[in-house]
Structures are given as structure tokens and as C-alpha cells.
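# A look at the structure
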Amino acid sequence: MRVEEVLNQSPPYVDIDLYASDRSLQAAIAANGGEGEAAALSAFGKRWGAAEMFELGRAANEHPPELNAFDAKGFRRDVIEFHPAYHQLMAESIAAGLAVSTWREDATPAHAPAQVTRAARFYMAAQIETGHLCPVTMTHAAIAALAVERELVAELMSKIISRRYDPRFRPWREKSGITLGMGMTEKQGGTDVRTNTTRAEPAGEGYAIAGHKWFMSAPMCDAFLVLAQAPGGLTCFLMPRFRPDGSVNGLHFQRLKDKLGNRSNASSEVEFADAFAWRVGEEGRGVRTIINMVQLTRLDCAIASAGIMRMALAQAIHHASYRTVFQKQLVDQPMMRAVLADLALEMEGATALVMRLAGAYDLAAGDPGEAARARLLTPAVKYWVCKRAPGFTYEAMECLGGNGYVEESVLPRLYREAPVNAIWEGSGNVMCLDVLRALAHKGEAGRAVLAALAEDAADLPGTGAARAAVERAFSAPDAEADARVAVERLALLAAAGALRQSAGPEVATLFARTRLQDGHGAMYGTSEISSDDARRLIDRALPSV
Ligand SMILES: Cc1cc2nc3c(=O)[nH]c(=O)nc-3n(C[C@H](O)[C@H](O)[C@H](O)COP(=O)(O)OP(=O)(O)OC[C@H]3O[C@@H](n4cnc5c(N)ncnc54)[C@H](O)[C@@H]3O)c2cc1C
């Protein structure tokens, strides 16, 4: 046999409609009011599932951004150079509205199902490339914090609403489209931002900011929401790359992080040399102001992690459907079928959960119960979905054997990307503490959310006991020590209820039985799922195969 003759390998998984091939996504979108946009979502799914987009994702990560701190004569430049593939991905995402489609021009929320349909697009884009989504999500979320400054946000929105990607290094007022970033984390702490040492002094029409940020991603954004200590306490500011007089602002990038994954995205260490900034919100209310942004970025973290998981699952099922081992297709080997079905079931829960949460954001303005649900479940869903992603991606990679471990397959990139969403924007423990905080602050409304979740999941196996365990754990005197197990149960309860509304009672029952009633084994493939159910789950996960 000639070496060019290739046998028993799966064809490339490209040129697929990421929407039409994903029944759980379609069901979750329909359940949350987005079915009217099915055709548009399918067009988006086709575009992002094209071979060309996979190639852009690969190239943007194989040619990571570079910092150009100085020019040949030693003058500061402080610009980052990106590969053209990154710019192309940015242009596509921004044109599709991922940075703005849930907002109206006056920075008030767009009508439902804007959050749900954006979440669907974000989830599909994340399957192809997640690094570039960092500035996209920050731009989208920053509007929530900036909304307290009506004049400033109106001016910014006139640029963001254009859906144009304009990467030129120019003052933002001269550009056709802009992006926004965020700098909170300092060397001495990212969780406890009240320890920020960066100082802000009133100066002219704004403030002069001196200090540093230890992680500030997407440094070529046009402006950044930053926290700094003003005379009245920790305060939120908007720091543009150019001063109002058109000169370059004092953002001096020290270096770019050499990261495990997320390589297409630049994450900088930056010094602020009396950088100009506008105040956003009152002095001393920095955390309260920026938290509106953080809630939305946390939602996106969970959606993106679900997207990463979906691509890993699709690659695994696709390969196993073509590959033959011991005269049988891999997908028909009982143990492989058990693994794939268990992964598919896990995926069902993650997809239903994030889309139901996006639905709560859609309904929050007119329904206090949904607002309380969004507040309580955002940290819980971020905790659960983002922390499941690395193990899930690893297991999917193993389904491809050695082929999954090499760079040309998309799996190594997905695997390296998987942990970041759990770490940034509040790491795992911090999410659990935030659930406790939300329950304490929301009081009656928090308990009403728990009751509603239990009602959504009523009669599903193990859900009664799960609710009791959650309530017990959260009211215990040492609630912090047990918060992880309680938040895990809370997320699973919410997933079971969301699945009943989207995928239907059969899938919801399987999920609840294997995740809540029986408890899940340490590995995928250990759930008791009948052979018929396994086949149904796999067919549902990738029907085109
Ligand atoms: C790729 C990447 C990009 C990033 N981009 C940005 C950005 O653009 N802007 C920005 O501001 N930041 C950014 N960050 C920083 C990120 O948000 C922080 O790393 C994160 O919030 C954690 O802060 P920290 O690293 O200081 O860890 P720490 O705050 O020191 O936390 C360390 C660990 O302790 C845990 N912990 C903290 N408090 C408690 C407690 N009370 N009880 C129990 N456990 C606790 C945390 O869960 C965490 O696991 C980025 C990070 C990464 C990895």
C-alpha cells in the first residue's frame, strides 16, 4: 500500500452548520423564545462552521500577538500586532452583533430574545475560536457599567452600534467602530480588588491615574474600564488609549503574558503613567459600578465554555462514527458508546443551563423573579460549566486516540483553552462565595428562586433530595466550607429543570437520574445509561453522521 493511501481515518469535521447539527441548542433556543430566529442562526452556524473559519481559528492561535513597546529610536509605541486571521475573526464577530446585539442605541436592553439569540451565536463562535471573543465580550458587557454615565455612553454607543471593526490605532472619536476592555486585577490581588493600589487624582476634565494592572487583556481596545483609589475610595474609570487632546495616553505595556492557552488574545501587564481617565459612577462605588459588567462577562464565560465542550463532543462523535476498531465502528463499541453518551448527556445539561440563564437576562427587566434567578444562577452556572469543561474536553480528546493529541486536530487548542473561563472573572471558590452572597442579600427572592428551580425539576429523580441538601448546606453555620457541593447541586438542579423545558422529560430524567440521584462516577462512561438511550443521545448530539 502506498503511504498516500489513507484508510480508516475520519474526514475533516468542517463545512457544517453549527446550528442545524446541534439539536440540543435548537431545543434550548426554542424553549427560551428564540425559535423565530432559527433561519438567521442557521446562516450564522453555516458561516462559522465553514472550513475557512476553522483555518482562521488555527492561524490566529499559531501566530500569537506581539508587543511592540518601543520604536527603533527608543520612543514608546505600546502597540500590539495581531495576525490577519485575528482581525478577520474580530470583524466577523463584531459584524454579527456579538458586541452589541442585546443593547439599543441608548444603552438600554434590547427586547427578548436578544440575550438568547446572542448567546446562541456566542456559543457557536466559541466553538471555532475563543481568544478573540475576550474583547468582544468585554465591549458588550462594559455597556452595563457605563450606562450610569448617560452622555459618555451615548457617545461610545454611537461607535459600538455600528458593528464595524476598526483596528486602527487612532483616537476613538475618529474611528468607525470601537472595542472596550477592563483592568481590575493587580499584582497583589485579583479577587480582592479593594486592595488595588492604583491611585486616581482629579485633573482637568477627568482624573490622572498612576499605578499598574497585572492582567489587562485585549490591550488594543480603544478604552478600558479600570478601578483605582480616588480620594473618595475605590472608583471605576474609563481610560481611553488617547487623551482628549489627541495625544497618546499613558498606558505603558510591560509585557504580554505567556499563557497556557487563549493564545490569539493578548493579555498585558501595564503601567499607568498619569494616564487620563473619565470617572464612571460615583467615587467610592467602583465595585458596585463595575459589577454590572462582571455579571455579563461571567455569563459569557459559561456560554463560551459550553461552546468549547460542544466542539470537543462533535469532534469525538464524528471521529468515532468513521473509525473502525476490531471490525466495529468505534461508536458501536459498547464502552465507547457509554463514554460518548455520557458526554452527550453532560453537554445537554450545559447547553440547556446556559441558554436558560441567558433567557433569565432577557426577562429580568420586567420580572423580578427572573432578575433574582439571573443574579443567583450566574455564579453557579459559571462555576459548574466552566469547571466541567477541562475534564470534558480531555475525555473527548481521548476518543480520537493519538489523533486527538496532535496540534492539527482542534482538540489540543480546545483543551488548553478550557481552564481559563473558570479562572478569570472570579475563580471557582469566588463564584461559590458569590452564590452565598446573593442568597444572603436576596433573602426571600433567593428562596423563591430555589423554589422555582425545584418546581421546574419536580418529579425528576433525585431533585427533591437535591433541593433539601442545597437548602441545608446554604443555611448551615459553616456554609462556606460546604459551598462547593451546594453550588454543584444547585447547578445540577437548575440544569435538570432547564432540560425538561428544552430537551424534554426523557433527557431530563436521564440527566437527573445519573447526575442527581445516582451520583456521577469520577470518569465519563460510568453512568448507567441503557444501550438504546445511549444511541439516542449520540444521534441527537450529531444527527448528520
Ligand atoms: C487569560 C487571562 C486573562 C485575564 N484578563 C483580565 C483582564 O482583562 N482584566 C482583569 O482585570 N483581569 C484579568 N485576568 C485576571 C483574573 O480575573 C484573575 O486572575 C482572577 O480574578 C483571580 O485573581 P488572582 O489571579 O489575583 O487570584 P487570587 O485572587 O489570589 O485567588 C487565588 C485563588 O484563591 C481563591 N480564593 C480567593 N478568595 C477566596 C476565599 N475567600 N476563599 C476561598 N478561596 C478563595 C480563588 O478562587 C482562586 O482560586 C485575566 C486572567 C487570565 C488568566
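The following paragraphs examine the structure supplied in this document. Computed from a predicted model, the values in this text were never measured in an experiment. (Residues numbered from 1 in each chain as written. Predicted model: local features only at pLDDT ≥ 70, side-chain atom pairs only at ≥ 80, totals over all residues. Heavy atoms only, no water.)

## Quick notes on the overall build of the chain
What counts here: Secondary structure elements are taken from DSSP: a helix is a run of H or I of four residues or more, a strand is a run of E of two residues or more, and numbering for both begins at the N terminus. Between the two quantities, the radius of gyration covers C-alpha atoms and the globule rule is 2.2 Å times the number of residues to the power 0.38. To sort residues, take the accessible area from a 1.4 Å probe on protein chains only and compare it with the maximum for the residue type: under 20% means buried, over 50% means exposed, and anything in between is partly exposed. Any two residues whose heavy atoms approach within 4.5 Å at even a single point are treated as in contact. Under the convention used here, a 1.4 Å probe and the Shrake-Rupley method define accessible areas, while residue burial counts only the protein chains that appear. Under this rule, positive means Lys or Arg and negative means Asp or Glu; His and the chain ends count for nothing. In plain terms, the charge of a residue is placed at NZ if it is Lys, CZ if Arg, CG if Asp and CD if Glu.
Scanning the chain for helices and strands turns up 19 helices and eleven strands. Computed over C-alpha atoms, the radius of gyration of the chain comes to 23 Å, within 12% of the 24 Å expected from 2.2 N^0.38 for 545 residues, which places it in the range of a compact globule. With respect to the three principal axes, the spread of C-alpha positions in the chain is 75 × 65 × 40 Å. For the chain, the proportion of its 545 residues judged to be buried stands at 58%. Taking contacts inside the chain between residues at least 6 apart in sequence as the whole, the part at least 24 apart equals 73%. Summed over all atoms, the accessible surface of the chain reaches about 21500 Å², with 52% contributed by carbon and sulfur. Here the chain contributes 58 positive and 65 negative side-chain charges, whose respective centroids are spaced 1 Å apart.

## Some remarks on helix α19 (residues 531–541)
This is how it is decided: The arc refers to the directions leading from the helix axis to the C-beta atoms.
When we look at burial in α19, the residues that qualify are Asp533, Ala534, Leu537, Ile538, Arg540 and Ala541. Here the buried residues of α19 occupy an arc of 160° about the axis, which is enough to place them on one side. Contacts made by the buried residues of α19 are with α1 (23–31), α8 (286–322), α9 (334–363) and α18 (505–517).

## Details of the layout of surface pockets
Rules: Site definitions follow a grid-based scheme: protein atoms alone, a 1 Å grid, a 1.4 Å probe that fits but cannot get out for cavities, and for pockets an open set with protein on both sides within 12 Å along at least five of seven lines, plus lining residues having an atom within 4 Å of a point. Grid points are joined across faces, edges and corners, and a volume is the space filled by probe spheres set on the points. Polarity classes work like this: nonpolar for Ala, Val, Leu, Ile, Met, Phe, Trp, Tyr, Cys and Pro, charged for Asp, Glu, Lys and Arg, and polar for all others, with Gly in that last group.
Its volume calculated, the second largest pocket comes out at about 670 Å³. Around the second largest pocket sit 28 residues that line it, and Gln315, Glu407, Glu408, Ser409 and Val410 are the ones nearest its centre. Taken together, the elements giving at least two residues each to the lining of the second largest pocket come down to α3 (51–62), α8 and α12 (411–417). Among the elements that make up the lining of the second largest pocket, the one with the highest residue count is α3 (six residues). Residue classes in the lining of the second largest pocket are distributed as nine nonpolar, ten polar and nine charged.

## Quick look at the pairing of strand β9 (residues 267–280)
Counted only if it meets this: In this description, strands pair whenever DSSP reports at least two bridges between them.
Judged by how many residues are buried, β9 sits mostly within the fold: ten of 14 residues are covered. Bridge analysis of strand β7 (residues 233–240) against β9 gives three bridges, and the strand direction is antiparallel. Across the sheet, Cys236 pairs through a bridge with Val280, a residue of β9. Inspection of the sheet shows strand β8 (residues 251–256) paired to β9 by five bridges, in the antiparallel sense. Bridging from a neighbouring strand, Leu256 pairs with Ser268 of β9.

## Comments concerning the nonpolar core
To keep it simple, the criterion reads: Only buried Ala, Val, Leu, Ile, Met, Phe, Trp, Tyr and Cys residues count toward a nonpolar core, and they belong to the same one when joined by side-chain atoms within 4.5 Å.
With 185 residues, the main nonpolar core has Leu146, Leu225 and Val385 as its most contacted residues. A per-element tally of this core places α8 first, with 18 residues. Discounting residues that sit within four places of it in the chain, Leu225 has contacts with Ala142, Ala145, Leu146, Gly181, Met182, Gly183, Cys236, Phe237, Leu238, Val280, Ile290 and Met293.

## Thoughts on the packing of aromatic side chains
What counts, and what does not: What counts as a ring pair is set by centres within 6.5 Å for rings of Phe, Tyr and Trp (its six-membered ring), and what kind of pair is set by the plane angle: stacked under 30 degrees, edge-to-face over 60, tilted for all other angles. To sit over a ring, a charge needs its Lys NZ or Arg CZ within 6 Å of the ring centre and within 35 degrees of the ring normal.
Counting across every chain of the model gives six aromatic pairs. Taken together, a centroid distance of 5.6 Å and an interplanar angle of 25° make the contact between Phe44 and Trp48 stacked. With Phe44 and Trp48 both in helix α2 (residues 38–48) and four residues apart, the pair spans about one turn of that helix. Relative accessible area serves as the criterion here: at 7%, Phe44 is assigned to the buried category. Look at Phe82 and Tyr86: their rings are 4.0 Å apart centre to centre, the planes differ by 15°, and that puts the pair in the stacked class. By relative accessible area, which is 13% here, Phe82 ends up buried. Note on Tyr86: relative accessible area 4%, which makes it buried. One residue, Lys257, lies across the ring of Trp214, its end atom 3.4 Å from the ring centre. The lysine or arginine in question, Lys257, covers the ring of Phe215, its NZ or CZ lying 4.3 Å from the ring centre.

## Looking at the pattern of salt bridges
Worth spelling out the cut-off: Put simply, a salt bridge is a Lys or Arg side-chain nitrogen that is within 4 Å of an Asp or Glu carboxyl oxygen.
All told, the structure shown has 32 salt bridges when counted by the stated rule. Among the ionic contacts, a cluster of salt bridges with common partners joins Arg298, Arg375, Asp434 and Arg437.

## Some details on the packing of helix α5 (residues 114–128) against α9
Inclusion rule: Whenever a helix is involved, its axis is fitted only over the stretch in contact; in every case the axis is a line through C-alpha atoms, and angles between N-to-C directions fall within 0 to 180 degrees. The crossing is said to be left-handed when, going from far helix to near helix, the turn is anticlockwise and less than a right angle, and right-handed when the turn is clockwise.
Viewed as axis vectors pointing N to C, α5 and α9 meet at an angle of 145°, and their least axial separation amounts to 7 Å. Between α5 and α9 lies a crossing whose hand is right-handed. Contact residues: α5 offers Ala114, Gln115, Val116, Ala119, Ala120 and Tyr123, while α9 offers Met347, Thr351, Met355, Ala358, Gly359, Tyr361 and Asp362. Here the contact of α5 with α9 is built from residues that sort into nine nonpolar, three polar and one charged.

## Digging into the site of the ligand
For clarity, the cut-off: Throughout this document, a residue counts as near a molecule or strand when at least one of its heavy atoms sits within 4 Å of that molecule or strand. Distance and chemistry together define a polar contact, namely a pair of N or O atoms within 3.5 Å, with one atom able to donate a hydrogen and the other to accept it when in protein, and with adjacent residues in sequence counting only for side-chain atoms on both sides.
Close to the ligand lie 21 residues; Met184, Thr185, Gly190, Thr191 and Ser217 are nearest. The separation between a nitrogen atom of the ligand and a polar side-chain atom of Asn429 is 3.0 Å. Of all the secondary structure elements, the ones that give two or more residues to the shell around the ligand are β3 (180–183), β5 (206–217), α13 (420–423) and α14 (428–442).

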